[in-house]
Amino acid sequence: MIALIVDSFAMVNGDGAHGPTEEAESRQDGNSEADGGEDSNEQEVIVIQDTGFTVKIQAPGTEPFDLQVSPQEMVQEIHQVLMDREDTCHRTCFSLQLDGNVLDNFAELKSIEGLQEGSLLKVVEEPYTVREARIHVRHIRDLLKSLDPSDAYNGVDCNSLSFLSIFTDGDLGDSGKRKKKGNELEQIDCTPPEHILPGSKERPLVPLQPQNKDWKPMQCLKVLTMSGWNPPPGNRKMHGDLMYLYIVTVEERHVSLTASTRGFYLNQSTTYTFNPKPANPSFLSHSLVELLSQISPAFKKNFTALQKKRVQRHPFERIATPFQVYSWTAPQVDHAMDCVRAEDAYTSRLGYEEHIPGQTRDWNEELQTTRELPRKNLPERLLRERAIFKVHSDFAAAATRGAMAVIDGNVMAINPGEETRMQMFIWNNIFFSLGFDVRDHYRELGGDAAAHAAPTNDLNGVRAYGAVDVEGLYTLGTVVVDYRGYRVTAQSIIPGILEREQEQSVIYGSIDFGKTVVSHSKYLELLEKTSRPLKVQRHNVLNEKDDKVELCSSVECKGIIGNDGRHYILDLLRTFPPDLNFLPVDGEELPPESQRQGFPRQHRHRLACLRQELIEAFVEHRYLLFMKMAALQLMQQKANKDTKTDTPAITETSDTPSESNNGECKNPLEGKELEESIPGLAQAKELAETLVGEDGSCIDPKSREVVLNACKAVGSISNTSFDIRFNPDIFSPGVRFPDDSADDVQKQKQLLKDAAAFLVSCQVPSLVKDCLDHSALPMDGATLTEALRQRGINIRYLGSVLEFVDKTPAKAQLEHFYVSNRNHHFLNCFLSSFPDAVAHLPPDELVSRRKNRKRRNRVPGGGDNTAWASLTPNELWKNIASEAQSYYHFTIQCADQVVEKYGLQKITLLREISVKTGIQILIKEYNFDSRHKPAFTEEDILNIFPVVKHVNPKASDAFHFFQSGQAKVQQGFLKEGCELINEALNLFNNVYGAMHVEICACLRLLARLNYIMGDHPEALSNQQKAVLMSERVLGIEHPNTIQEYMHLALYCFANGQLSTALKLLYRARYLMLMVTGEDHPEMALLDSNIGLVLHGVMEYDLSLRFLENALTINTKYHGPRSLKVALSHHLVARVYESKAEFRSALQHEKEGYTIYKNQMGEGHEKTKESSEYLKYLTQQAVALQRTMNEIYKNGSNASIMPLKFTAPSMASVLEQLNIINGIIFIPLSQKDLENLKAEVQRRQQLQELGKIEETTEDSRLELEDKIPID
């Protein structure tokens, strides 16, 4: 497991420290037993899965029932279960008792004496306190609103939307059993809505959120709110009154209730007279629900029905997500009275509650304490990671709330006398600052533009140091929130920092960008541990007295010891080295690869850094180069030994690469040819590894020289082993280096130039190549950003990427790339760079008409807040074009031309802009092309949400299990892989709770494995969870969700639920049209799926429309000679055969046959299959013709041979579906399996020797899963 990964790394790099291992290393830092082999791990896993047991639970007024529990659970978790169960959900204030002893809520079940299989736990009602009464009212309100989606629309309490159940008519698992499995062809209506058919030009918005009949809420009460008589006067408090409620029932009965220590009862107060005496009868009940059921028959009936519906919903539809997901569209929702929401608005949202001592959470203490938890073995690590994740998600939620309160003007500044843009705030123990250049701090670096970029750079630094996770080194909780055109940074507060001046507290680093610098031995020791994984070089700089000061980070990085004695580092904005392509420096030349593409370019600030992913890719590239060089030299030496002469060739080879291979890989094949052309290079590489292995203690001076030369050539900082690190202070204005390190600085400068060149000459082309061979398929802005970032390309390179696409010969095959990207980024940039971005709502719809948008609220920080109101669409486009030019160096024309030229859809642009800027619009049909009235009125903008960036803590152990599971599956060990992934799923759930993107990936893979191993119902259940989770965590129209819908449709079809499969595929196609439009390579796969299912239900004409569209798209994106196109031809031919149109069928099959013959050769099974099918079609065609002739000749009394028209069998349709979805079943005998395993092991060994650098692609059990798990 973990050991597998570690060992394989150790084999590649002698000492397991260099080259591509950093990631593994940074993970291992804390895993002392990571190398302890598999055994330690398996025992630990067993510890976690302690066997569960069953207890009986007896609640008042219900029959005892059994509950399965696990020893790890806390008593509190049983409370949660009871508050969720249909028959006990109305109880909140109770204790659990075992033999008359009250159980402690926070005790683990295994620590409770006498609790065992079959124990009886009694639910005992406890007296209320004010707090308990509030919790009770809140819980009842939540139950009443449990089917109401308004919280999801408003983006509160981690609710989000999910629509899957509308397309599956409830839960798939059950419906499969309910519907008769027989031939359900007759009763399916297969016609898709018009707008989903291929070639349709309309893109309606309303179907994005189909109407859910469950959401028409059954009214249980008209009003439930706090009474105006609160709080109870002193004498009534003595009587046990806690608070008063006012209720209007559906029958229009107005009543006043008292919540007392004993429960709830009716009192005699009215709206205007206070009479707290109990009414007669008073209906005293411990639960509000019991009381209301007695006084309102409608409440009783509807509440019961509502709870039935609530518990029938899939749990994933109602569990809270770890981070808030916002919806960019919402219907008009009626605003109803809601006491809890009203109370929230008056207390917590304004920060009153946050000022009550004891109520606030000490975020810094929580964040740091969780980091300090022990992590020696798996259970400890799980506990630690779970705590870290929980605190982080709570902190992100609190920080977001605070940032919104700050911008909405609800928080008092700590420096109220200063102008608004300089103000800072503290709320709920979180410090907030705005993204403006305060006190000219960034004047040298680009002013406000730099101040806007710094927080995200800092966040990336926090993320990187957090991932290395060095004991004793602490970072601040950091969240960056963009809201209403402002950037707000939220940070946890170092204890004591507010009482001291900054100059006194900083004991490491510099507060003035390097004019004065201090260092500290403890910090050097801590940062030294991070320097290898983060590739940071230790270096000296000069302070104001010209003394040398040693640092192991950039000068901006400040070290402060808090009052709690912890060592904090902050201002990590230059953790990674500068990006020279966007940082012109006088007197410095960039390598030719960069210059050819017009670099260096002027950027709006000087904080442009390389991404961590780029640094790692660059180092890995250099490592391969290093190995090749050492190997070549060793071979020369071998050759020289025979001739006994020492040649100078070595030194020459060592010099050349630094010029020619300046981080440039001209031709991805060149390396391989080199290897094949030189026999014995593999052995030499092995040799090279043994040399480098012993960390410099080389065997003899000759080989030492080899290593030295190779090290020099690739720019390693050590002469005896491969080790590349960057000095983040190079080219920082204001930083001076001592004279004796001039050589070193020169080397570092060269490294930075090489890295910049590597980005444009290697990473950008590799991205485009991946798009061409479809291993990366960005569909929208988010997935594109992801694809760029994985390869370490910053978004500012978008212009360069697009230029590269323009020059690519196969440009047509990359058209989807434009669609997914071009404009939204410009618009986004444009939107966020205005003083008040809120105002500039979707500019693409402005296209040639004025907007009647008026904002009535003043926002802090802009005196001329009205300039935008008079902006015309033309001026707006001018701004956008100049923005695109200055930031991306890309030229765009006016809106309609852009839309025409790149085939963009305005609806897609609207989605991108809304998502990027946090706007929520009314869901209705917008007319973008009317010349007479604007597309939007101000009533159409419903809300503005924050866009939040934060750290995502990882579940490292679970992730290792997941990766080793994936590896096993790719080697063909499905069962073992399945077990590992199940284990990963358990661990993920343990750390993240039930909802998380990584759990979603895990479920998807599990479902696929279940399906391959023939367990269709299980596949269906796992994939249903994956879809629900993707909808909830990523969004209902996220590209990942679309993929999940497609997988689910396949498994539904395999389970015989044809109509559901079709509904799911139609939904996926609608979403795809919405997100990217029809012109995208993925659309071909989707249309082939739809066409096949329609073929299966004998809707031939419809089927052809989809399959022929798929054929067109495949031909465009894969080229007319591709195997995908051959398959498309074959699918179309089959439908024509079913329609008995043999001529068309033959024509298509011939096309397919030709492709197979040319690509695979005559002897290949595919070619043979195709030729067989051609013969069969020809026979059918001849038979048909003969029959027709017979009829013409003999008129009505002809003797007609019955023709065989076959409806396709479900099995054959399913077989084709599996093929196009990349799922291949191979009927293998035991012997074949053994051979396959042996072959895979052989390949692995070769791979580890670096012989095969690509993954073994032709291992046929490869499961191509396109969505990267980051």
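In what follows, the accompanying structure is described. (Residues numbered from 1 in each chain as written. Predicted model: local features only at pLDDT ≥ 70, side-chain atom pairs only at ≥ 80, totals over all residues. Heavy atoms only, no water.)

**Comments concerning the overall build of the protein chain**
Here is step 1 of the chain: Assigned secondary structure in the protein chain consists of 44 helices and 23 strands.
Here is step 2 of the chain: Within the protein chain, the fraction of its 1270 residues that count as buried is 54%.
Here is step 3 of the chain: Of all intrachain contacts in the protein chain linking residues separated by at least 6 positions in sequence, the fraction that spans at least 24 positions is 70%.
Here is step 4 of the chain: Approximately 55,200 Å² of the protein chain is accessible, and the part contributed by carbon and sulfur atoms is 53%. (Helix = DSSP H or I, 4+ residues; strand = E, 2+ residues; numbered from the N terminus. Buried < 20%, exposed > 50% of the residue type's maximum accessible area, 1.4 Å probe, protein only. Contact = heavy atoms within 4.5 Å. Areas by Shrake-Rupley, 256 points an atom, 1.4 Å probe, with all protein chains shown as cover.)

**Let's talk about the sheet that holds strand β21 (residues 919–922)**
Here is step 1 of the chain: Across the sheet, three strands lie side by side as β10-β21-β22; this open sheet has mixed pairing. The outermost strands of the open sheet, each flanked by one partner alone, are β10 (329–330) and β22 (941–944). (Pairing = 2+ DSSP bridges.)

**Things to note about the side chain of Ser162**
Here is step 1 of the chain: Counting through the fold element by element, Ser162 comes out in the loop between α6 (150–154) and α7 (164–168).
Here is step 2 of the chain: A residue is classified by how much of its surface remains accessible, and Ser162, at 5% relative accessible area, is buried.
Here is step 3 of the chain: Side-chain polar atoms of Ser162 contact the side chain of Glu1031, separated by 2.8 Å. (Polar contact = N/O pair within 3.5 Å; in protein donor to acceptor, adjacent residues only side chain to side chain.)

**A look at empty space enclosed by the protein**
Here is step 1 of the chain: Inspection of the entire model under this criterion finds eleven cavities of 30 Å³ or more.
Here is step 2 of the chain: Among the elements of the structure, α14 (363–372) and α16 (447–468) are those that each provide at least two residues to the lining of the second largest cavity.
Here is step 3 of the chain: Among the elements that line the lining of the second largest cavity, the one with the most residues is α14, at three residues.
Here is step 4 of the chain: Among the residues making up the lining of the second largest cavity, the classes are represented as four nonpolar, six polar and one charged. (1 Å grid on protein atoms, 1.4 Å probe; cavity = no way out; pocket = protein on both sides within 12 Å on 5 of 7 lines; lining within 4 Å. Points joined across faces, edges and corners; volume = space filled by probe spheres on them. Nonpolar A, V, L, I, M, F, W, Y, C, P; charged D, E, K, R; others polar.)

**Comments concerning the nonpolar core**
Here is step 1 of the chain: In this structure, Leu205, Leu208, Phe432, Ile921, Phe988, Leu1094 and Leu1217 are the most contacted members of the largest nonpolar core, which totals 154 residues.
Here is step 2 of the chain: For this core, the element with the highest residue contribution is helix α37 (residues 1058–1075), accounting for 13 residues.
Here is step 3 of the chain: A domain-level breakdown of this core finds at least three residues from each of domain 2 (149–157 + 216–312 + 323–343) and domain 3 (368–493).
Here is step 4 of the chain: Not counting residues within four places of it along the chain, the set of residues in contact with Phe432 comprises Ala399, Gly402, Ala403, Val406, Met424, Phe425, Trp427, Val488, Thr489 and Ala490.
Here is step 5 of the chain: Grouped together as the second largest cluster of nonpolar side chains are 90 residues, Tyr508, Ala710, Tyr797 and Leu909 included. (Core = buried A, V, L, I, M, F, W, Y, C linked by side-chain atoms within 4.5 Å. Domains from an automatic or database assignment.)

**Details of a nonpolar patch on the surface**
Here is step 1 of the chain: A cluster of nonpolar residues, Met1188, Ile1191 and Tyr1192, forms a patch on the protein surface that exposes about 310 Å² of accessible area.
Here is step 2 of the chain: Following the sequence through the fold, Met1188 ends up in helix α42 (residues 1165–1194).
Here is step 3 of the chain: For Met1188, a relative accessible area of 33% corresponds to the partly exposed category. (Patch = residues over 30% accessible without salt bridge, like charges linked within 9 Å, V, L, I, M, F, W, Y side chains within 5 Å. Salt bridge = Lys/Arg side-chain N within 4 Å of Asp/Glu carboxyl O.)

**Quick notes on the pattern of salt bridges**
Here is step 1 of the chain: Considering all chains together, one arrives at 62 salt bridges under this definition.
Here is step 2 of the chain: Residue Asp723 is joined to Arg532 by a salt bridge in which the shortest nitrogen-to-oxygen separation is 3.4 Å. On the criterion of sequence distance, the pair formed by Asp723 in the loop between α24 (701–714) and α25 (742–772) and Arg532 in helix α18 (residues 521–534) is long-range, its members being 191 residues apart.
Here is step 3 of the chain: Residue classification places Asp723 among the buried positions, given a relative accessible area of 11%.
Here is step 4 of the chain: Among the charged side chains, a network of salt bridges with common partners joins Arg371, Arg375, Arg384, Asp469 and Glu471.

**Quick look at the packing of helix α34 (residues 997–1012) against helix α35 (residues 1016–1033)**
Think of two packed helices as two axes; the pair is described by the angle between the axes and how far apart they sit.
Here is step 1 of the chain: Look at α34 against α35: their axes get within 8 Å of each other, and the N-to-C directions meet at 160°. As far as their axial angle goes, α35 and α34 are roughly antiparallel. The crossing of α34 and α35 is left-handed. Touching Val997, Ile999, Cys1000, Leu1003, Arg1004, Leu1006, Ala1007, Asn1010 and Tyr1011 of α34 are His1016, Glu1018, Ala1019, Asn1022, Gln1023, Lys1025, Ala1026, Met1029, Ser1030 and Val1033, all from α35.
Here is step 2 of the chain: Of the residues assigned to the contact of α34 with α35, the class counts are eleven nonpolar, five polar and three charged. (Axes fitted to C-alpha atoms, helices over the stretch in contact; angles between N-to-C directions. Parallel < 35°, antiparallel > 145°, perpendicular 65-115°, else oblique. Left-handed = near helix turned anticlockwise from the far one by under 90°.)

**As for the packing of helix α39 (residues 1100–1118) against helix α40 (residues 1123–1138)**
Here is step 1 of the chain: Running from N to C, α39 and α40 cross one another at 165°; their axes reach a closest spacing of 9 Å. Judged on the interaxial angle alone, α40 and α39 are roughly antiparallel. α39 and α40 meet at a crossing whose hand is left-handed. In contact with Tyr1100, Ser1103, Leu1104, Leu1107, Glu1108, Ala1110, Leu1111, Asn1114, Thr1115 and His1118 of α39, α40 contributes Lys1124, Val1125, Ser1128, His1129, Leu1131, Val1132, Val1135, Tyr1136 and Ser1138.
Here is step 2 of the chain: Looking at the contact of α39 with α40, its residues break down into ten nonpolar, seven polar and two charged.

**Concerning the environment of Ala955**
Here is step 1 of the chain: Counting through the fold element by element, Ala955 comes out in the loop between β23 (947–950) and α32 (956–970).
Here is step 2 of the chain: Residues Ala955 and Glu385, 570 residues apart in the sequence, show an inter-C-alpha distance of 6.3 Å.
Here is step 3 of the chain: Not counting the four nearest positions on each side in its chain, Ala955 is found in contact with Glu385, Phe988, Val991 and Tyr992.

**Examining the pairing of strand β15 (residues 486–492)**
Here is step 1 of the chain: Of all seven residues in β15, seven are buried, a share of seventy percent or more.
Here is step 2 of the chain: Because side chains alternate across β15, one face comprises the buried residues Tyr486, Val488, Ala490 and Ser492, and the other comprises Arg487, Thr489 and Gln491, equally buried.
Here is step 3 of the chain: When strand β12 (residues 430–434) meets β15, the two strands line up antiparallel, connected through five bridges. Residue pairing in the sheet places Phe432 in a bridge with Ala490 of β15.
Here is step 4 of the chain: Here strand β14 (residues 478–483) runs beside β15; their pairing, made up of six bridges, is antiparallel. Residue pairing in the sheet places Val480 in a bridge with Thr489 of β15.
Here is step 5 of the chain: If you look at the hairpin formed by β14 and β15, you'll find two residues sitting between the two strands, and Arg484 has a positive phi there, around 50°.

**Remarks on helix α11 (residues 297–312)**
Here is step 1 of the chain: The end-to-end C-alpha distance of α11, which contains 16 residues, comes to 23 Å, matching closely the 22 Å that a straight helix rising 1.5 Å per residue would cover.
Here is step 2 of the chain: Considered for burial, the residues of α11 that qualify are Phe299, Asn302, Phe303, Leu306, Gln307 and Arg310. Down the axis of α11, the smallest arc covering the buried residues is 140°, so these residues share one side. Among the exposed residues of α11, those oriented more than 90 degrees off its buried face are Pro297, Lys300, Lys301 and Gln312.
Here is step 3 of the chain: Those residues of α11 hidden inside the fold are in contact with α4 (75–84), α5 (130–144), β6 (221–226), α10 (288–295) and α12 (315–318). (Expected span 1.5 Å × (residues − 1). Arc of directions from axis to C-beta.)

**A closer look at the packing of aromatic side chains**
Here is step 1 of the chain: Going through the model one piece at a time under the given rule, you end up with 28 aromatic pairs.
Here is step 2 of the chain: Here the aromatic rings of Phe618 and Phe758 are separated by 5.5 Å at their centres, their planes lie at 65°, and the arrangement is edge-to-face. One end of the pair, Phe618, is in helix α20 (residues 612–643); the other, Phe758, is in helix α25, with 140 residues separating them in the sequence. Neither Phe618 nor Phe758 differs from the other in exposure class; each is buried.
Here is step 3 of the chain: Ring centres of Tyr1011 and Tyr1051 lie 4.8 Å apart, and the angle between their planes is 35°; on these two criteria the pair is classed as tilted. (Phe/Tyr/Trp six-rings, centres within 6.5 Å; stacked < 30°, edge-to-face > 60°.)

**Describing the sheet that holds strand β8 (residues 254–260)**
Here is step 1 of the chain: Taken together, four strands build an open sheet; the order of strands is β6-β7-β8-β9 and the sheet is antiparallel. Single-partner strands in this sheet number two, and they are β6 and β9 (263–266). Neighbour-to-neighbour, the strand axes of the sheet open up by a mean angle of 25°, direction not taken into account.
Here is step 2 of the chain: When β8 meets β9, the two strands line up antiparallel, connected through four bridges. In the strand pairing of β9, Ala259 is matched with Phe264.

**Overview of the pairing of β21**
Here is step 1 of the chain: Inspection of the sheet shows β10 paired to β21 by two bridges, in the parallel sense. In the sheet register, Ala330 faces β21, and the bridge partner there is Leu922.

**Focus on helix α36 (residues 1039–1054)**
Side chains three or four residues apart in an α-helix point the same way, a direct result of the helix having 3.6 residues per turn.
Here is step 1 of the chain: For α36, built from 16 residues, the straight-helix expectation of 22 Å at 1.5 Å per residue is met to within 8% by its first-to-last C-alpha distance of 24 Å.
Here is step 2 of the chain: Most of α36 is tucked away, with 16 of its 16 residues classed as buried.
Here is step 3 of the chain: Looking one or two places after α36, you find Gly1056, whose phi comes out positive at around 80°.

**Comments concerning the side chain of Thr785**
Here is step 1 of the chain: As for its position among the elements, Thr785 is in helix α26 (residues 781–790).
Here is step 2 of the chain: Accessibility expressed as a relative area gives 11% for Thr785, which makes it buried.
Here is step 3 of the chain: Within the local environment of Thr785, its side chain forms a polar contact with the backbone oxygen of Gly781, the two atoms lying 2.6 Å apart.

**Observations concerning the environment of Ala755**
Here is step 1 of the chain: By secondary structure assignment, the location of Ala755 is in helix α25.
Here is step 2 of the chain: For Ala755 and Pro578, which are 177 residues apart along the polypeptide, the C-alpha to C-alpha distance reads 10.0 Å.
Here is step 3 of the chain: Those residues within four positions of Ala755 in sequence are excluded, and the remaining contacts are Leu610, Leu614, Phe618 and Phe726.

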